[in-house]
Amino acid sequence: MKTILLSLLLAPQLASADACAGVDPSLDEADRTRLAPLVGRQLEVRGVTLKRSLRSGDWRVFLIGARDADDSFVFYAGDPASQRFVDAIGTFALPVGEKAIREWLVENLKGMPALLAACVAQEAMKAAAG
């Protein structure tokens, strides 16, 4: 009985810790070098750096930094080299709380995989923490 109660109490923390399980975080240096200026041109900002990449299915999300802008998430529903971004959202503009961010993403970015939305929400919370 104690084990069951402990499991129930820890479940939200464990789920949060594993939110990015199954999401591909890979971004090799060649892609980083090739995609950063492309994302910058699409957003019309200079000095873009790709801090994080998250991929699930056809969707790809970058956490970017830019010279004259706040850190932002940039969402693609396909290949960034051949498609324009779906949305770009400053980390400061997201709702407060991991659950609220996840729900907002699923509701506002139609077709985004729920797994990816959960991962982005987790990453947004990490970015906000500093």
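Everything discussed here concerns the structure shown above.
These lines cover the structure that appears in this document, whether it is placed above or below.

## Here we look at the state of the cysteines
Item 1. For the structure shown, the criterion picks out 1 disulfide.
Item 2. Residue Cys20 pairs covalently with Cys119 via a disulfide, S to S 1.9 Å. The sign of the S-S torsion, about 95°, decides the handedness of the disulfide formed by Cys20 and Cys119: right-handed. Of the two residues, Cys20 is situated in the loop between α1 (2–17) and α2 (29–43) and Cys119 in helix α4 (residues 114–129); the sequence distance between them amounts to 99 residues. With respect to class, Cys20 is no different from Cys119; both count as buried.

## Re the nonpolar core
Generally speaking, nonpolar side chains in soluble globular proteins are found buried as a group.
Item 1. Membership of the largest hydrophobic core comes to 20 residues, with the highest contact counts inside it found for Val61, Phe73, Phe75, Leu105, Met112, Leu116 and Val120.
Item 2. Of all the secondary-structure elements, those providing two or more residues to this core are β2 (59–66), β3 (69–76), α3 (98–108) and α4.
Item 3. Sorting elements by how many residues they give to this core places α4 first, with 6 residues.

## Section: the sheet that holds strand β1 (residues 49–56)
Item 1. Spatially, β1-β2-β3-β4 is the arrangement adopted by the 4 strands of the open sheet, whose pairing is antiparallel. Each having just a single partner strand, β1 and β4 (87–90) make up the two edges of the open sheet. Strand-to-strand twist across the sheet, computed as the mean angle between neighbouring axes with direction ignored, equals 20°.
Item 2. In this sheet, β3 lies alongside β2 in antiparallel orientation, the contact comprising 6 bridges. When the sheet's bridge partners are listed, Val61 is paired in β3 with Phe75.
Item 3. Here α4 sits on the sheet in contact with β1, β2 and β3, set at roughly 150° to β1.

## Quick notes on α2
The periodicity of an α-helix, 3.6 residues per turn, causes residues three or four positions apart to be oriented the same way.
Item 1. In this model α2 runs 21 Å from its N-terminal to its C-terminal C-alpha over 15 residues, within 8% of the 21 Å that 1.5 Å per residue would give.
Item 2. The principal kink in α2, of about 25°, is found at Leu35, preceding the proline Pro37 by one to four residues.
Item 3. Against the buried residues of α2 lie β1, β2 and β3.
Item 4. Glu44 sits one or two residues past α2 and shows a positive phi near 60°.

## Considerations on the side chain of Glu123
Item 1. Residue position: Glu123 is located in helix α4.
Item 2. For Glu123, a relative accessible area of 8% gives the class buried.
Item 3. Within the structure, Glu123 has its side chain in polar contact with the side chain of Arg52 (distance 3.1 Å).
Item 4. The contacts of Glu123, once residues within four sequence positions are left out, are Cys20, Arg52, Leu54 and Phe73.

## Considering the environment of Gln42
Item 1. Relative to the helices and strands, Gln42 resides in helix α2.
Item 2. The spacing of Gln42 and Pro80 is 38 residues in sequence and 9.7 Å in space, taken between C-alpha atoms.
Item 3. There is a polar contact of 3.1 Å between the side chain of Gln42 and the backbone nitrogen of Phe85.

## Focus on the packing of aromatic side chains
Item 1. Enumeration according to the criterion identifies 2 aromatic pairs in this entry.
Item 2. A ring pair is formed by Phe62 and Tyr76, whose centres lie 5.9 Å apart and whose planes are at 75°; its orientation type is edge-to-face. Highlighted residues: Phe62 in strand β2 and Tyr76 in strand β3, separated in sequence by 14 residues.
Item 3. Taking relative accessible area as the criterion, Tyr76 reaches 0% and is therefore assigned buried.
Item 4. Their ring planes at 40° and their centres at 6.5 Å tell us that Phe73 and Phe75 sit as a pair that is tilted. For the residue pair Phe73 and Phe75, the accessibility class agrees, reading buried in each case.

About the thresholds
- Residues numbered from 1 in each chain as written.
- Predicted model: local features only at pLDDT ≥ 70, side-chain atom pairs only at ≥ 80, totals over all residues.
- Heavy atoms only, no water.
- Disulfide = S-S within 2.5 Å.
- Helix = DSSP H or I, 4+ residues; strand = E, 2+ residues; numbered from the N terminus.
- Buried < 20%, exposed > 50% of the residue type's maximum accessible area, 1.4 Å probe, protein only.
- Core = buried A, V, L, I, M, F, W, Y, C linked by side-chain atoms within 4.5 Å.
- Pairing = 2+ DSSP bridges.
- Axes fitted to C-alpha atoms, helices over the stretch in contact; angles between N-to-C directions.
- Contact = heavy atoms within 4.5 Å.
- Expected span 1.5 Å × (residues − 1).
- Bend = angle between axes of the 7 residues up to and from the residue.
- Polar contact = N/O pair within 3.5 Å; in protein donor to acceptor, adjacent residues only side chain to side chain.
- Phe/Tyr/Trp six-rings, centres within 6.5 Å; stacked < 30°, edge-to-face > 60°.

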